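# Descriptive analysis of the structure
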Amino acid sequence: MSLSRVLSRTQLGLDAPLVQVELHVGRGLPAFTIVGLPAPVVRESRERVRAALLNSGYEFPSGRITVNLAPVELSKQGGRFDLPIALGLLIASGQLASPRRAFECYGELGLAGDLRPVSGLFLAALHAREVGHALIVPAANGAEVALSSHDAAYGAHSLREAAGWLTAHPADRPPDAAGAGAAGADAAGADAAGAGAPGDAGAVAAALPALADVAGQWQAKRALIVAAAGGHSLLMIGPPGSGKSMLAARLPGLLPPLTQAEALEVAGIASVAGWQRDAGCWNRRPFRAPHHTASANAIVGGGTLARPGEISLAHQGVLFLDELPEFDRRVLESLREPLETGLMTIARAGARLTLPAQFQLIAAMNPCPCGHLGDTGKACSCTPASIERYRQRISGPVLDRIDMRVEVPRVPVDELVQATVAAPDDPAAQVRSARERRLSASGALSARLSAPQLKACCTLSAAGDRLLRSSCQRLGLSGRGVHRLLMLGRTIADLEGSEHIEPPHLAEAITLRRP
Ligand SMILES: Nc1ncnc2c1ncn2[C@@H]1O[C@H](COP(=O)(O)OP(=O)(O)OP(=O)(O)O)[C@@H](O)[C@H]1O
Ligand SMILES: [Mg+2]
């Protein structure tokens, strides 16, 4: 046979469309051409495949070799096509029999014929499972692929091993080869895979830090509970060392675990970004805290590979932006779209891609450049102009999208050194029941309610209505501001187990949305 066809997939945002690697060995002067919109790194595959074949003890066929990556209009990136090209060459040159069932193959080859891990395989494995294709992946990707519960995935360390899997009759495979946990994955990988299979209660993850570690800061703690219960965004403002970062790190401990469907989606995004979800934390909500010097591409996504950014990695979890005014203004402005829609659109060589980015924003900042404006312990050394400039780095529209703004003042030393901290009773349980209440009544958390949904579930008493009208005028609230206030009121009422938003709920919402 001088023609072969091996399956693989490319990666487009969160999609993994099928690619047929067609290969023909013809007569003529020796040549090796790859067509079908390959990126330069895919074209370089020729050199890796040639060396890997020879160093694995195979023959490199002489003649005119043409590789076509179909469909041609899809762009192909990365080293993942090395393995399908090499296997295609072995089949087309008669060194390997055609497989009996449909296989998808992935992996970058080293010159010695070793198989190296590639990104995005969790997503590819999910798609392959759906259509019933078997999989051959680098052993180092075994744990990630096993999370997809694919029952015919095989891990290989080398080209030779991969070729063995491709032709082995199912009956010839060792009994423990098939099944979750890519076969041949190294011991550590296979262990991780077994422990982390979705829904496996055996996986243990380290405990998350508790709210009870934080002394004082009652308002900020309450704001965190409200944020967790309703999916609201929060900005904490206070002097250095008052506990802002410490508080933010305690939000994940208040949030319920991801559902199975959410966990799959989160793992898919992580996989595309080349980051593997830790098996033990499979259903834990992501907590991403990018540094303010990170590039716009790193935070919102994009670049030549259209990789998801931090905001997509924080999907269904928390995005913590510490030192908010230090972030590039353009980065902050680009958060406006995802904060409103839960989606991020990135432009990429002629195409537009939409990635999920339904994150909960938690931000922290000092009140001024020196950090001590309004501090009881230390005088502020800033000029009014520098304070103004500092605050203006966060635009009005961005600020308007943040549901709560609370002060986190310096904690008196007495409170800090006290042996025990008085903390709210089981805050995670309060959060859980408030969320369940809202999800069963409206189908979404308060912060994600549409305007009609909001109307349906935010009925106010006459006194509540009067309070809302007077505070809107006093605070100069925007239309969005009014809606956000009602959403906050709704969450606070849910935390109290109240069906209606009563004036005290609204009053608390107003104090949490300090202008
Ligand atoms: N309220 C608090 N309760 C207990 N420990 C605290 C509290 N505030 C500060 N600390 C201690 O101080 C350390 C620094 O706090 P943290 O990093 O949260 O401050 P910050 O407000 O984020 O400061 P910065 O503005 O400089 O980033 C904490 O790791 C903790 O040890
Ligand atoms: Mg901090």
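Our structure's up above, just so we're on the same page.
Attention here is on the structure that accompanies the text. (Residues numbered from 1 in each chain as written. Chains lettered and ligands numbered in written order. Predicted model: local features only at pLDDT ≥ 70, side-chain atom pairs only at ≥ 80, totals over all residues. Heavy atoms only, no water.)

## Some words on the overall build of the protein chain
Counting its secondary structure elements, the protein chain contains 22 helices and 18 strands. Looking at the protein chain as a whole, 51% of its 515 residues are labelled buried. If you take every contact in the protein chain between residues at least 6 apart in sequence, the share linking residues at least 24 apart comes to 74%. Counting every atom, the protein chain has about 21900 Å² of accessible surface; 54% of that belongs to carbon and sulfur. (Helix = DSSP H or I, 4+ residues; strand = E, 2+ residues; numbered from the N terminus. Buried < 20%, exposed > 50% of the residue type's maximum accessible area, 1.4 Å probe, protein only. Contact = heavy atoms within 4.5 Å. Areas by Shrake-Rupley, 256 points an atom, 1.4 Å probe, with all protein chains shown as cover.)

## So, the site of ligand 1
Ala215, Gly241, Lys244, Ser245 and Met246 are the nearest of the 16 residues found near ligand 1. Take Lys244: an N or O atom from its side chain is 2.7 Å from an oxygen atom of ligand 1. In the model, an oxygen atom of ligand 1 is placed 2.8 Å from a nitrogen or oxygen of the Ser245 side chain. Computed on the free molecule, ligand 1 has an accessible area of 630 Å², of which 67% lies beneath the protein chains in the complex. The element best represented in the shell around ligand 1 is helix 9 (residues 244-248), accounting for 3 residues. (Near = heavy atom within 4 Å. Polar contact = N/O pair within 3.5 Å; in protein donor to acceptor, adjacent residues only side chain to side chain.)

## Quick notes on the pattern of salt bridges
For the structure on display, the rule yields 23 salt bridges. For Glu496, the salt bridge identified is with Arg222, shortest N-O distance 3.2 Å. In this pair, Glu496 sits in the loop between helix 21 (479-495) and helix 22 (503-512) while Arg222 sits in helix 8 (residues 218-230), placing the two residues 274 residues apart along the sequence. What makes Glu496 partly exposed here is its relative accessible area of 48%. (Salt bridge = Lys/Arg side-chain N within 4 Å of Asp/Glu carboxyl O.)

## With respect to the sheet that holds strand 10 (residues 234-237)
The 5 strands are arranged 11-14-17-10-18 in an open sheet whose pairing can be described as parallel. The sheet is open, and its two edges are formed by strand 11 (287-288) and strand 18 (404-407), each paired on a single side. Direction of pairing for strand 14 (residues 318-321) relative to strand 17 (residues 360-365): parallel, over a ladder of 4 bridges. Looking at strand 17, one finds that Phe320 is bridged to Ile362. (Pairing = 2+ DSSP bridges.)

## A look at the packing of helix 2 (residues 45-55) against helix 3 (residues 82-92)
Between helix 2 and helix 3, the shortest axis-to-axis distance is 10 Å and the interhelical angle comes to 55°. When the interaxial angle is binned, helix 2 and helix 3 end up oblique. Helix 3 is crossed by helix 2, and the crossing has right-handed handedness. The segment helix 2 lies against helix 3, with Ser45, Arg48, Val49 and Leu53 engaging Asp82, Ile85, Ala86, Leu89 and Leu90. (Axes fitted to C-alpha atoms, helices over the stretch in contact; angles between N-to-C directions. Parallel < 35°, antiparallel > 145°, perpendicular 65-115°, else oblique. Left-handed = near helix turned anticlockwise from the far one by under 90°.)

## With respect to empty space enclosed by the protein
Overall, the coordinates contain 1 cavity of 30 Å³ or more when judged by the stated rule. In this structure, the largest cavity encloses a volume near 40 Å³. Of the residues contributing to the lining of the largest cavity, the split by class is 2 nonpolar, 4 polar and 3 charged. (1 Å grid on protein atoms, 1.4 Å probe; cavity = no way out; pocket = protein on both sides within 12 Å on 5 of 7 lines; lining within 4 Å. Points joined across faces, edges and corners; volume = space filled by probe spheres on them. Nonpolar A, V, L, I, M, F, W, Y, C, P; charged D, E, K, R; others polar.)

## Let's talk about the environment of Ala298
Its location among the elements puts Ala298 in helix 11 (residues 296-300). Considering only alpha carbons, one finds Ala298 and Val331, 33 residues apart in sequence, at a separation of 9.9 Å. When near neighbours in sequence (up to four residues on either side) are disregarded, Ala298 contacts Gly309 and Glu310.

## Regarding the environment of Ala229
Positionally, Ala229 belongs in helix 8. With residues up to four places along the chain from it excluded, the contact list for Ala229 reads Val431, Ala434, Arg435, Leu445, Thr491 and Leu495.

## Description of unusual backbone geometry
At the junction of Ala70 and Pro71, the peptide bond is cis and its omega measures out at 0° in the coordinates. With respect to the helices and strands, the residue Pro71 is situated in the loop between strand 4 (64-70) and helix 3. One non-glycine residue with positive phi stands out, namely Gln316, at about 65°. Its location among the elements puts Gln316 in the loop between helix 12 (310-313) and strand 14. By relative accessible area, which is 10% here, Gln316 ends up buried. Non-glycine residue Glu323 carries a positive phi angle of around 55°. The residue Glu323 is located in the loop between strand 14 and helix 13 (329-333) in this model.

## A closer look at the packing of aromatic side chains
Summed over all chains, the structure comprises 4 aromatic pairs. Ring centres 5.8 Å apart and planes at 45° place the aromatic pair Phe32 and Phe60 in the tilted group. One end of the pair, Phe32, is in strand 3 (residues 31-35); the other, Phe60, is in the loop between helix 2 and strand 4, with 28 residues separating them in the sequence. A single burial state applies to Phe32 and to Phe60, both of which are buried. An aromatic cluster is built from Phe103, Tyr154 and Trp165, whose rings are joined through pairwise contacts. Positioned above the aromatic ring of Phe60, the side-chain terminus of Arg50 is 4.8 Å from the ring centre. (Phe/Tyr/Trp six-rings, centres within 6.5 Å; stacked < 30°, edge-to-face > 60°. Lys NZ or Arg CZ within 6 Å of the ring centre and 35° of its normal.)

## Focus: the state of the cysteines
This model, assessed by the stated rule, comprises 0 disulfides. Here Cys368 stays unpaired: no disulfide links it, and the sulfur of Cys380, its closest cysteine neighbor, is 3.7 Å away. Residue Cys368 is classed as buried on the basis of its relative accessible area of 0%. (Disulfide = S-S within 2.5 Å.)

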